[in-house]
Amino acid sequence: MINLITVKTLGKFAVINGDKMITEDEIRSPQITKMFICLAMHRDDPYSREELKDAMWEEGDIDNSFGALKNMICRTRKKISDKVDVPFILLEKGKYVWNNELEVEFDFERFDDYILTTINEKDEEIKYLKLERAVELYNGDFIHEVKDGHWVKVLQNYYLLDLFQLLLQHKMQLYFLMLLLIQLLLRLLMYKFSFFLT
């Protein structure tokens, strides 16, 4: 039986499983968030232990790196397992892998779908609706609480610039374009304001 979880990464991180949910406020560890995202994003192409260690601590070597990796895997399992119905991290042939019985729906994948299908859309009204849905999904930077890691920074910049460029490049009616830009800016301001309050 396939279980489905929804993972929010654009803005506040959250894992949603039916009526169960865990957020970054409960996890209180950017490293656990980063580990969870690393494994879930690479569910079809698992990291070796060495690659996973490099993705987690690319700034340099740490003492007993494989011990630290094992500890981080244990902490991630412990923190999130009661919100997920099946074990989500497995060890197979020396690799930590995502359990295929647990399907993942990422908000950034839906965001990408809206952006990509908008590119060739001829109907201005449908184009506006798709862009509006992309704006609704964008609640802030990709896993904003994670401050280290080149791959994280690349994705944070990619999603924000991708949306702005698409909004500006499309020959939409100026009225629609301004509405979307205002909506996006308001959402970003609310996100930044709520971040400073926490």
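This is a predicted model, so every value here is computed, not measured.

Section: the packing of helix α2 (residues 30-41) against helix α3 (residues 49-56)
The angle between the axes and the distance between the axes are what describe a pair of packed helices. Remark: α2 packs on α3, axes separated minimally by 10 Å, with the N-to-C direction vectors making an angle of 135°. In terms of their interaxial angle, α2 and α3 are classed as oblique. Here α2 runs over α3; the crossing is right-handed. Of the residues in α3, those in contact with Q31, K34, M35, C38 and L39 of α2 are L52, A55 and M56. The class makeup of the residues in the contact of α2 with α3 is six nonpolar, one polar and one charged.

What to know about the packing of aromatic side chains
Tallied over the entire structure, the rule returns eleven aromatic pairs. With 5.7 Å between their ring centres and 80° between their planes, F108 and F142 make a pair best called edge-to-face. You can see F108 sitting in helix α5 (residues 107-119) and its partner F142 sitting in the loop between α6 (124-137) and α7 (150-169), a full 34 residues away along the chain. Exposure class is identical for F108 and F142. Each is buried. Measuring from ring centre to ring centre gives 6.0 Å for F111 and Y138, while their planes differ by 45°; the resulting arrangement is tilted. Within this pair, whereas F111 is found in helix α5, its partner Y138 is found in the loop between α6 and α7, the two being separated by 27 residues in sequence.

A few points about the sheet that holds strand β6 (residues 102-106)
Reading across from one edge, β3-β2-β1-β6 is the order of the four strands in this open sheet, with mixed pairing throughout. Edge positions in the sheet fall to β3 (20-23) and β6, since each of these pairs with one other strand and no more. Taken pair by pair, the neighbouring strands of this sheet meet at an average axis angle of 20°, ignoring direction.

A short note on a nonpolar patch on the surface
A cluster of nonpolar side chains, I182, L186 and L189, forms an exposed patch at the surface whose accessible area comes to about 310 Å². Relative to the assigned elements, L186 resides in helix α8 (residues 174-197).

Comments concerning α3
Of all the residues in α3, the buried ones are L52, K53, A55 and M56. Across the axial projection of α3, the buried residues extend over an arc of 165°, all falling on one side.

Brief notes about the pattern of salt bridges
Summed over all chains, the structure comprises eight salt bridges. Put simply, K20 and D85 hold a salt bridge, and the shortest N to O gap is 2.8 Å. Of this pair, K20 sits in strand β3 while D85 sits in the loop between α4 (65-80) and β4 (89-92), placing them 65 residues apart in sequence. Given the relative accessible area of 28%, K20 is considered partly exposed. Across the salt bridge formed by E121 and K130, the nearest N and O atoms sit 3.7 Å from each other.

Comments concerning the packing of α5 against α6
As a packed pair, α5 and α6 sit with axes 9 Å apart at the nearest point and diverge in direction by 155°. Considering their axes alone, α5 and α6 lie roughly antiparallel with respect to each other. Where α5 crosses over α6, the handedness of that crossing is left-handed. Contacts between α5 and α6 involve D107, R110, F111, Y114, I115, T117 and T118 on the former and, on the latter, K127, K130, L131, R133, A134 and L137. In terms of residue class, the contact of α5 with α6 is built from six nonpolar, two polar and five charged.

Side note on α4
Compared with the 22 Å implied by 1.5 Å per residue over 16 residues, the 22 Å span of α4 between its first and last C-alpha is a close match. Within the span of α4, buried status applies to S65, L69, M72, I73, T76 and I80. For α4, the angular spread of the buried residues around the axis is 105°, confining them to a single face. Summarising the geometry of α4, the exposed residues directed more than 90 degrees from the buried face are K70 and K78. Taken together, the buried residues of α4 touch β3, α1 (24-27), α2, α3, β4 and β5 (95-98).

About the thresholds
Per chain, residues are indexed from 1 in the order of the written sequence. For this predicted model, a pLDDT threshold of at least 70 governs which residues receive local features, and a threshold of 80 or more governs which side-chain atom pairs are given and counted, while totals over whole chains, interfaces and linings are taken from all residues. To obtain the side-chain values, all non-hydrogen atoms of the structure were used and water was disregarded. Fitted lines through C-alpha atoms serve as axes, helices being fitted only where they are in contact, and the angles separating the N-to-C directions of these axes extend from 0 to 180 degrees. Under the DSSP-based scheme used, a helix requires at least four consecutive residues in state H or I and a strand at least two consecutive residues in state E, with every element numbered from the N terminus. Reported orientations rely on four angle classes, namely roughly parallel under 35 degrees, roughly antiparallel over 145, roughly perpendicular from 65 to 115, and oblique for the rest. Left-handed describes a crossing whose near helix is turned anticlockwise from the far helix through less than a right angle; right-handed describes the clockwise counterpart. It only takes one pair of heavy atoms within 4.5 Å for two residues to be counted as in contact. Polarity classes work like this: nonpolar for Ala, Val, Leu, Ile, Met, Phe, Trp, Tyr, Cys and Pro, charged for Asp, Glu, Lys and Arg, and polar for all others, with Gly in that last group. Stacked, edge-to-face and tilted are the three classes for Phe, Tyr and Trp ring pairs, Trp counted by its six-membered ring, which pair at centre distances within 6.5 Å; planes under 30 degrees apart are stacked, over 60 edge-to-face, the rest tilted. The classification of residues rests on relative accessible area computed with a 1.4 Å probe and restricted to protein chains. Under 20% of the type maximum is buried, over 50% is exposed, and intermediate values are partly exposed. Strand pairing is assigned whenever DSSP identifies at least 2 bridges connecting the two strands. The residues that make up patches have over 30% relative accessible area and no salt bridge, and they are joined within 9 Å when like-charged or within 5 Å when they are Val, Leu, Ile, Met, Phe, Trp or Tyr. For the area figures, the Shrake-Rupley method with a 1.4 Å probe applies, and any residue is considered shielded solely by the protein chains shown. The rule for a salt bridge is simple: a side-chain nitrogen of Lys or Arg has to be within 4 Å of a carboxyl oxygen of Asp or Glu. Taking the helix axis as origin, the arc is that swept by the directions to the C-beta atoms. How far a helix is expected to stretch is found by multiplying one less than its residue total by 1.5 Å.

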